[in-house]
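Residue-level listing of the chains:
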Amino acid sequence: MACELFRQHGIRGIGVDAIAEAADTNKMTLYRHFGSKDDLICEALRHTSAKAAAMWDELEAAHPGDARAQLDGWVEVRSQCLCSEPFGCDLANAAVELKEPDHPAHAVIENFKNLQQKKLADLCRRAGVDEPDALADTLSMLLEGARVSRLATGSEGPSMRFVRACEAAISAFTGARPV
């Protein structure tokens, strides 16, 4: 419930009273479970992170032992997410909204984003890419840029070329011609 409210209204745009009401409880019960709004924010971001991290198991299950197919699958899954994220990435939005550098949510966001980056670089490495860290960085920046572009200019803006841009980047790092 809190995840959806933060997504729709922003972290600062929704209060604990409204979250408690939407959860059909009271503020005291919420504080008993989470301690503070910051703790609730961190838990909501952990929940979102866990759902997003499941993608890696799904890629392996869909393409067992085929790292290149998993890499292509990563592009496809991220493209689908891009189209289905009307409010953008919850973690990136939180990172931008929470201006205080010592806010505890920043550690949750940083840990998740770093882990995703390492998994992507490992996938690139297993796919035989010469510079796996550079390709992983490139793909990550394309994804984050596409997310912001979609929010700023709509789905018909530059974000609609996300797959094509990723294919070109993968081609550039593997020497293969884009499909």
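Right, let's walk through the structure included here.

Conventions we followed
Residues numbered from 1 in each chain as written. Predicted model: local features only at pLDDT ≥ 70, side-chain atom pairs only at ≥ 80, totals over all residues. Heavy atoms only, no water. Axes fitted to C-alpha atoms, helices over the stretch in contact; angles between N-to-C directions. Helix = DSSP H or I, 4+ residues; strand = E, 2+ residues; numbered from the N terminus. Parallel < 35°, antiparallel > 145°, perpendicular 65-115°, else oblique. Contact = heavy atoms within 4.5 Å. Nonpolar A, V, L, I, M, F, W, Y, C, P; charged D, E, K, R; others polar. Buried < 20%, exposed > 50% of the residue type's maximum accessible area, 1.4 Å probe, protein only. Polar contact = N/O pair within 3.5 Å; in protein donor to acceptor, adjacent residues only side chain to side chain. Left-handed = near helix turned anticlockwise from the far one by under 90°. 1 Å grid on protein atoms, 1.4 Å probe; cavity = no way out; pocket = protein on both sides within 12 Å on 5 of 7 lines; lining within 4 Å. Points joined across faces, edges and corners; volume = space filled by probe spheres on them. Salt bridge = Lys/Arg side-chain N within 4 Å of Asp/Glu carboxyl O.

Attention shifts here to the packing of helix H1 (residues 2-9) against helix H4 (residues 37-62). Two packed helices can be described by the angle between their axes and the distance between those axes. Between H1 and H4, the least distance of the axes is 9 Å, while the angle of their chain directions is 95 degrees. By the angle between their axes, H1 is roughly perpendicular relative to H4. Between H1, through Ala 2, Cys 3, Phe 6 and Arg 7, and H4, the contact on the second element is made entirely by Lys 37, Leu 40, Ile 41, Ala 44, His 47 and Thr 48. Among the residues forming the contact of H1 with H4, the class breakdown is six nonpolar, two polar and two charged.

What follows concerns the side chain of Ser 79. Considering the arrangement of structural elements, one finds Ser 79 in helix H5 (residues 67-84). Of the residues examined, Ser 79 reaches a relative accessible area of 15% and is grouped as buried. Once you skip the residues sitting within four places of it in the chain, Ser 79 turns out to touch Phe 162 and Val 163.

Turning next to unusual backbone geometry. Positioned with a positive phi, Asp 24 is a non-glycine residue whose angle comes to about 55 degrees. Given a relative accessible area of 73%, Asp 24 falls into the exposed group.

On to the environment of Asp 66. The topology assignment puts Asp 66 in the loop between H4 and H5. Residue class for Asp 66 comes out partly exposed when judged on its relative accessible area of 37%. Put simply, Asp 66 and Ala 22 are 44 residues apart on the chain and 44 Å apart in space, counted from C-alpha to C-alpha. A polar atom in the side chain of Asp 66 sits 3.1 Å from the backbone nitrogen of Ala 69.

Running from N to C, H5 and helix H8 (residues 132-153) point in directions that differ by 15 degrees, and their axes come no closer than 10 Å. Here H5 lies roughly parallel to H8, going by the angle between them. Helix-helix and strand crossings are classified by hand; for H5 and H8 the assignment is right-handed. Counted together, Leu 71, Trp 74, Arg 78, Leu 82 and Cys 83 of H5 and Leu 135, Leu 139, Leu 143, Ala 146, Arg 147 and Arg 150 of H8 form the full contact between these two elements. A breakdown of the residues in the contact of H5 with H8 according to their chemical character gives eight nonpolar, no polar and three charged.

With that settled, consider the layout of surface pockets. If you add up the space inside the largest pocket, you get close to 740 Å³. Every residue lining the largest pocket is counted, 31 residues in all, and those nearest its centre are Ala 52, Arg 78, Glu 85, Phe 112 and Arg 147. If you list the elements that add at least two residues to the lining of the largest pocket, you get H4, H5, helix H6 (90-97), helix H7 (104-126) and H8. Broken down by class, the residue content of the lining of the largest pocket amounts to 15 nonpolar, six polar and ten charged.

Before going further, it helps to spend a moment on the environment of Leu 98. Relative to the helices and strands, Leu 98 is located in the loop between H6 and H7. Residue Leu 98 is classed as buried on the basis of its relative accessible area, which comes to 1%. Sequence separation between Leu 98 and Val 75 is 23 residues, and the spatial gap between their C-alpha atoms is 29 Å. Ignoring anything within four residues of it in the chain, the contact list for Leu 98 reads Ile 11, Arg 12, Ile 41, His 103, Ala 105 and His 106.

Right, let's get into the side chain of Asp 90. In this fold, Asp 90 is placed in helix H6. Side chain to side chain, Asp 90 and Arg 7 meet in a polar contact 2.6 Å long. Excluding anything up to four places from it in sequence, Asp 90 contacts Arg 7, Leu 45 and Thr 48.

To continue, consider the pattern of salt bridges. Following the criterion strictly, the structure yields eleven salt bridges and no others. Residues Glu 100 and Arg 12 are paired through a salt bridge, measuring 2.7 Å at the closest nitrogen-oxygen approach. You can see Glu 100 sitting in the loop between H6 and H7 and its partner Arg 12 sitting in the loop between H1 and helix H2 (16-22), a full 88 residues away along the chain. Judged by its relative accessible area of 33%, Glu 100 is partly exposed. Arg 147 is the partner of Glu 144 in a salt bridge, and the nearest nitrogen-oxygen pair spans 3.4 Å. Highlighted residues: Glu 144 and Arg 147, both in helix H8, separated by three residues, approximately one helical turn. Assessed through its relative accessible area of 28%, Glu 144 is described here as partly exposed. Judged by its relative accessible area of 7%, Arg 147 falls in the buried class. Several salt bridges share partner residues, and in doing so they unite Glu 85, Lys 113, Glu 144 and Arg 147 into one network.

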